[in-house]
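# Survey of secondary and tertiary structure
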Amino acid sequence: ELDNHMSTLHVENLKGLSSGSNANKIIVPSGQTLDASNGFVAPAGHVIQTVVGSTNSLTTGTSTFATIGSGSITPTSTSSKILLTLQMHVYVGSYNTDTWVGCLMRVTRNGTVIDGDNGADPYGNGAHKTQDTDRYMEYSTRIYIDSPSSTSSVSYVVQAAAKASRSTMYINDAAYGDGGNFYLQEIAG
């Protein structure tokens, strides 16, 4: 008999079919799969875990990249993707020559550059300055999706530099704006 009351089912063991495409699986009404051999398997596209990375301030006028954020995550599956979301406050200071200036950002995975302002002439954040009183400020948001194909801890680092050593960059400087944010999310593959 069916009724409209919520019920709780307590079981000690559940066993799925022993053969076929759903062997050792129990399909629950929501469409999620509980796999008896591997534990919970999230459907593709679902967030499995979120890690809040750290950020720091940086003042630089050189084209040498320096760390402004970092975080580590251990994927549960080699098919998982890692969604990296970062937001950094960028202040591009004055420069007394009529030229383009900018702040470059990039992301590394275990020490290898995977994305960002790379190449011969990148300008992820930039402004054309004509006099030494020109300035530029913004919250710069970057989003990257990575496929590390690993179940070991993966380390991500966010770096910044001044374009061609022009102007001084103030990144996540409390005098000009709130600090940065860096999030790492494992997405089921």
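Residues numbered from 1 in each chain as written. Predicted model: local features only at pLDDT ≥ 70, side-chain atom pairs only at ≥ 80, totals over all residues. Heavy atoms only, no water.

## Details of the environment of threonine 168
Structurally, the position occupied by threonine 168 is in the loop between β13 (154-162) and β14 (169-171). With near-sequence residues (within four places) excluded, threonine 168 lies in contact with Thr59, Thr60, Gly61, Tyr91, Val92 and Gly93. (Helix = DSSP H or I, 4+ residues; strand = E, 2+ residues; numbered from the N terminus. Contact = heavy atoms within 4.5 Å.)

## Structural notes on the nonpolar core
The biggest cluster of nonpolar side chains holds 24 residues, and the ones touching the most others in it are Ile68, Leu84, Leu86, Met88, Tyr156, Ile171 and Phe182. Put simply, the parts of the chain that give this core at least two residues each are β7 (66-73), β8 (81-92), β9 (99-109), β13, β14 and β15 (181-187). In terms of residue count, the dominant contributor to this core is β8 (6 residues). With near-sequence residues (within four places) excluded, methionine 88 lies in contact with Thr55, Ile68, Met105, Glu138, Tyr139, Ser140, Val158, Ile171, Asn172, Gly180, Asn181 and Phe182. (Core = buried A, V, L, I, M, F, W, Y, C linked by side-chain atoms within 4.5 Å. Buried < 20%, exposed > 50% of the residue type's maximum accessible area, 1.4 Å probe, protein only.)

## A closer look at the side chain of threonine 99
Considering the arrangement of structural elements, one finds threonine 99 in strand β9. Judged by relative accessible area, threonine 99 falls into the buried class, the value being 16%. Residues in contact with threonine 99, not counting those within four places in the same chain, are Ala127, His128, Lys129 and Arg166.

## Describing the environment of glycine 124
Here glycine 124 lies in the loop between β10 (112-116) and β11 (125-129). Of the residues examined, glycine 124 reaches a relative accessible area of 35% and is grouped as partly exposed. Separated by 39 residues in sequence, glycine 124 and lysine 163 have C-alpha atoms that sit 9.7 Å apart. Filtering out sequence-adjacent residues up to four positions away, glycine 124 remains in contact with Cys103, Asp117 and Arg142.

## Some points on the environment of tyrosine 170
Here tyrosine 170 shows up in strand β14. On a C-alpha basis, the gap between tyrosine 170 and serine 57 in space is 7.5 Å, while along the polypeptide they are 113 residues apart.

## Quick look at the packing of aromatic side chains
The geometry of an aromatic ring pair comes down to the distance between the two centres and the angle between the two planes. Counting across every chain of the model gives 3 aromatic pairs. Aromatic side chains tyrosine 91 and tyrosine 176 sit 4.4 Å apart centroid to centroid with 55 degrees between the ring planes, which places their arrangement in the tilted category. With tyrosine 91 in strand β8 and tyrosine 176 in the loop between β14 and β15, this residue pair connects regions lying 85 residues apart in the sequence. By relative accessible area, which is 8% here, tyrosine 91 ends up buried. Ring geometry for tyrosine 170 against tyrosine 176: centres 5.5 Å apart, planes inclined by 55 degrees, an arrangement best described as tilted. By relative accessible area, which is 23% here, tyrosine 170 ends up partly exposed. On the accessibility criterion, tyrosine 176 (34% relative accessible area) is partly exposed. Through pairs of rings, three or more aromatic residues link up here, namely Tyr91, Tyr170 and Tyr176. Arginine 106 extends its terminal NZ or CZ atom over the ring of phenylalanine 65, reaching a point 3.9 Å from the ring centre. (Phe/Tyr/Trp six-rings, centres within 6.5 Å; stacked < 30°, edge-to-face > 60°. Lys NZ or Arg CZ within 6 Å of the ring centre and 35° of its normal.)

## Notes on unusual backbone geometry
One non-glycine residue, asparagine 110, adopts positive backbone phi at about 45 degrees. Summarising the element assignment, asparagine 110 is placed in the loop between β9 and β10. Taking relative accessible area as the criterion, asparagine 110 reaches 49% and is therefore assigned partly exposed. In this structure, serine 149 takes a positive phi of about 50 degrees despite not being glycine.

## What to know about the pairing of β7
Summarising the sheet, strand β5 (residues 54-55) and β7 pair through 2 bridges and their orientation is antiparallel. Bridge pairing in β7 places threonine 55 opposite glycine 69. With 7 bridges connecting them, β7 and β13 associate as antiparallel partners. Bridged to glycine 71 within β13 is tyrosine 156. (Pairing = 2+ DSSP bridges.)

## Description of the side chain of glutamine 159
Topologically, glutamine 159 is positioned in strand β13. Here the side chain of glutamine 159 touches arginine 106 through a polar contact of 2.6 Å, side chain to side chain. If we skip the residues at most four places from it in the chain, glutamine 159 touches Phe65, Ala66, Thr67, Ile68, Leu104, Met105, Arg106 and Thr108. (Polar contact = N/O pair within 3.5 Å; in protein donor to acceptor, adjacent residues only side chain to side chain.)

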